[in-house]
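Geometric and topological summary
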Amino acid sequence: KLFSANVHSVYMYDPEHAGKFFLDFGSEVLDLNTLGTRSLYFNTLSTLLSEQNFVKYYRSVFGDVGYQRELVNGILWMANLSYADRTQLYNTSFDHIFTYPHLRYTSNNPLAPNAAENDHSELFPENQALIFNTSFRFTFDQQYITRPTGRTYLPSEYPVITLNYRKGINGILGSDVNYDFVSLDISQD
């Protein structure tokens with residue numbers, strides 16, 4: 001019974017070099033596991049048929065502003081600043097198709113899956129997060145086709161390397177996070 005809506009806007013100011021600004025804001029219900037555990041369809045079926053709620057959700061009200069541009073052919077720089085207010089969610093419906101006397105709905109709290117159906121134990125307090133992200137994507141021997149609307153990039157025969165940095169900024173706008181995260185991703189199209 002929560003209304004969720006998102007707005008995603010992009011202004012492409014330099015199509016030849018993938019230069020754009022973007023702005024996102026809205027609210028959504030997200031999986032605690034950012035890699036995704038089950039599809040929404042599968043979780044709905046398992047919940048209605050066997051009272052097993054595998055996906056654990058929370059709510060995020062957010063805003064995000066960002067920028068990207070190709071610095072030179074093959075090197076794309078992206079940066080964004082995001083703010084989110086995050087709250088824990090609880091099970092509110094216990095409808096099911098079949099009744100199994102030995103089963104009951106699993107809690108939305110993954111640390112207490114066998115808690116009572118009306119469990120409201122705290123998994124995490126409501127929190128705010130101000131996060132800065134930046135990344136550099138390196139595409140070796142990048143080939144492209146130039147059109148009036150911009151470049152169309154062709155898949156490279158070499159792996160693409162992306163260097164990511166993320167900073168949780170504490171104390172600004174009530175932000176509760178404080179961390180640094182660096183990763184190096186290697187992928188092949």
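Below is a summary of the structure that appears in this document. Along each chain, the written sequence defines residue order, and numbers are assigned to residues from 1. Residue-level local features of this predicted model are given only where pLDDT is at least 70; pairs of side-chain atoms are given and counted only at 80 or more, and the full residue set underlies all totals for whole chains, interfaces and linings. Side-chain figures throughout are based on the complete set of non-hydrogen atoms in the structure, without hydrogens or water.

Before going further, it helps to spend a moment on the environment of K56. Along the chain, K56 falls in the loop between α1 (40–50) and β3 (57–72). Residues K56 and H120 lie 64 residues apart in sequence; the distance between their C-alpha atoms is 13 Å. Throughout, a contact is declared for two residues whenever any of their heavy atoms are within 4.5 Å. Non-local contacts of K56, meaning those with residues more than four positions away in its chain, are made with L30, D31, L32, T106, S107, N108 and P110. Secondary structure elements follow DSSP: runs of H or I no shorter than four residues count as helices, runs of E no shorter than two count as strands, and numbering proceeds from the N terminus.

On to the pattern of salt bridges, then. Salt bridges are defined as contacts in which a side-chain nitrogen from Lys or Arg sits within 4 Å of a carboxyl oxygen from Asp or Glu. The tally for this structure, following the rule as stated, stands at four salt bridges. With its nearest N and O atoms 2.9 Å apart, the salt bridge here joins D14 to R69. Remark: R69 occurs in strand β3 and D14 occurs in strand β1 (residues 6–14); sequence separation between them is 55 residues. Under the scheme applied here, a residue whose accessible area is under 20% of the maximum for its type counts as buried, over 50% as exposed, and between as partly exposed, the area being computed with a 1.4 Å probe on protein chains only. Note on D14: relative accessible area 15%, which makes it buried.

This paragraph deals with α1. The complete set of buried residues in α1 reads N43, S46 and T47. Seen from one end, α1 has its buried residues packed into an arc of 100 degrees, which puts them on one side. Structurally, α1 contributes buried residues whose contacts are with β3. Phi turns positive, to about 60 degrees, at E51, one or two residues after α1. What the arc describes is the spread of directions from the helix axis to the C-beta atoms.

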